[in-house]
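For reference, the chains in residue letters:
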Amino acid sequence: MPDQRQVRHHFMPKLSHLSDESWMRRALGLAERAEHLGEVPIGAVLVVNNELVAEGWNQPLSTNDPTAHAEIVALRAAAARLNNYRLTGSTLYVTLEPCVMCAGAIVQARVGRLVYGAPDPQRGAAGSAFDLLTAAALNHRPEIVGGVCASLCGERLREFFQQKRKA
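First, a word on scope: everything that follows refers to the structure included in this document. (Residues numbered from 1 in each chain as written. Predicted model: local features only at pLDDT ≥ 70, side-chain atom pairs only at ≥ 80, totals over all residues. Heavy atoms only, no water.)

### Thoughts on the overall build of the chain
A count of helical and extended segments in the chain gives six helices and six strands. Ordered by position from N to C terminus, the α and β elements of the chain give α-β-α-β-β-α-α-β-α-β-β-α. Classification of the 167 residues of the chain by burial places 45% in the buried group. A fraction of 59% describes how many contacts in the chain between residues 6 or more apart in sequence connect residues 24 or more apart. In the form shown here, the chain has an accessible surface area of approximately 8700 Å², with 53% of it arising from carbon and sulfur atoms. (Helix = DSSP H or I, 4+ residues; strand = E, 2+ residues; numbered from the N terminus. Buried < 20%, exposed > 50% of the residue type's maximum accessible area, 1.4 Å probe, protein only. Contact = heavy atoms within 4.5 Å. Areas by Shrake-Rupley, 256 points an atom, 1.4 Å probe, with all protein chains shown as cover.)

### Things to note about helix α4 (residues 70–82)
Between its first and last C-alpha atoms α4 spans 18 Å; for 13 residues at 1.5 Å apiece the expected length is 18 Å, and the two agree. Along α4, the residues classified as buried are Ala 70, Glu 71, Ile 72, Val 73, Ala 74, Leu 75, Ala 78 and Ala 79. For α4, the elements touching its buried residues are β2 (43–48), β3 (51–57), β4 (90–96) and α5 (100–109). (Expected span 1.5 Å × (residues − 1).)

### Let's talk about the pairing of β4
Burial runs high along β4: seven of the seven residues are buried. Where β2 lies against β4, five bridges are found, and the strand directions are antiparallel. Directly across from Leu 46, in β4, lies its bridge partner Leu 92. Where β4 and strand β5 (residues 113–118) come together, five bridges link them in parallel fashion. When the sheet's bridge partners are listed, Thr 91 is paired in β5 with Arg 113. Note on the crossover from β4 through α5 to β5: the handedness is right-handed. (Pairing = 2+ DSSP bridges. Right-handed = clockwise from strand over helix to strand, strands pointing away.)

### With respect to the packing of aromatic side chains
Following the criterion strictly, the structure yields two aromatic pairs and no others. Taking the centre distance of 5.1 Å and the plane angle of 80 degrees together, the rings of Phe 160 and Phe 161 count as edge-to-face. Stacked on the ring of Trp 57, the Lys or Arg Arg 33 has its end atom at 4.4 Å from the ring centre. (Phe/Tyr/Trp six-rings, centres within 6.5 Å; stacked < 30°, edge-to-face > 60°. Lys NZ or Arg CZ within 6 Å of the ring centre and 35° of its normal.)

### A short note on the nonpolar core
Judged by nonpolar contacts, the single largest core of 41 residues is most densely connected at Met 24, Leu 46, Leu 92, Leu 114 and Leu 133. A total of six residues in this core trace back to one element, the largest contributor, which is helix α2 (residues 20–36). Once residues lying within four places of it in the same chain are set aside, the contact partners of Met 24 are Tyr 93, Val 94, Thr 95, Val 115, Tyr 116, Gly 117, Val 148, Cys 149 and Cys 153. (Core = buried A, V, L, I, M, F, W, Y, C linked by side-chain atoms within 4.5 Å.)

### Remarks on the pattern of salt bridges
Scanning the entire structure with this criterion turns up eight salt bridges. In this structure, Asp 20 and Arg 113 form a salt bridge, with 2.7 Å as the shortest nitrogen-oxygen distance. Remark: Arg 113 occurs in strand β5 and Asp 20 occurs in helix α2; sequence separation between them is 93 residues. Between Glu 155 and Arg 158 there is a salt bridge, and its shortest N-O distance comes to 3.4 Å. You can see Glu 155 and its partner Arg 158 sitting in helix α6 (residues 150–166), three residues apart, about one turn around the helix. (Salt bridge = Lys/Arg side-chain N within 4 Å of Asp/Glu carboxyl O.)

### Examining the environment of Arg 81
Among the secondary structure elements, Arg 81 is positioned in helix α4. For Arg 81, a relative accessible area of 56% puts it in the exposed group. Along the chain, Arg 81 and Val 53 lie 28 residues apart, while their C-alpha atoms are 7.5 Å from each other. Each residue touching Arg 81, except ones within four places of it in the same chain, is listed here: Leu 52 and Val 53. In terms of polar contacts, Arg 81 uses its side chain to reach the backbone carbonyl oxygen of Val 53, at 2.9 Å. (Polar contact = N/O pair within 3.5 Å; in protein donor to acceptor, adjacent residues only side chain to side chain.)

Here it is, written out as structure tokens:
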């Protein structure tokens, strides 16, 4: 039997996922929105059947809500729009590998597929620092595709933090 992690976790998109880059570029536009608010530039887009359902960008500082990460904002908006917290069959695009909190929400929402841009070696819960999303103990494990537009996503974050250190 093949290793589940190898089957479910791809680092670069396959040819069958050509729209991944365009959705990630949309998430990058939302990351820019977060940056204009003084937030860490992370954006997220939730898609079902290649149609936009919801989007989000980092907002914990501007909303005084520590849970207002881009992924959580997008998941909440999608659940409200679809009138269902279970988002089976959906794909969540996010510019940075999700943290543990967001990974837990992805599992609870039953997101079918996670596509992220830049890895987060310090806090990433999709295999970089933690491997929460493929844990055998969970009742749901989404397909994971990492590295879509990774250089663009990573560069935006690097530039943001360089500017913060200068200020």
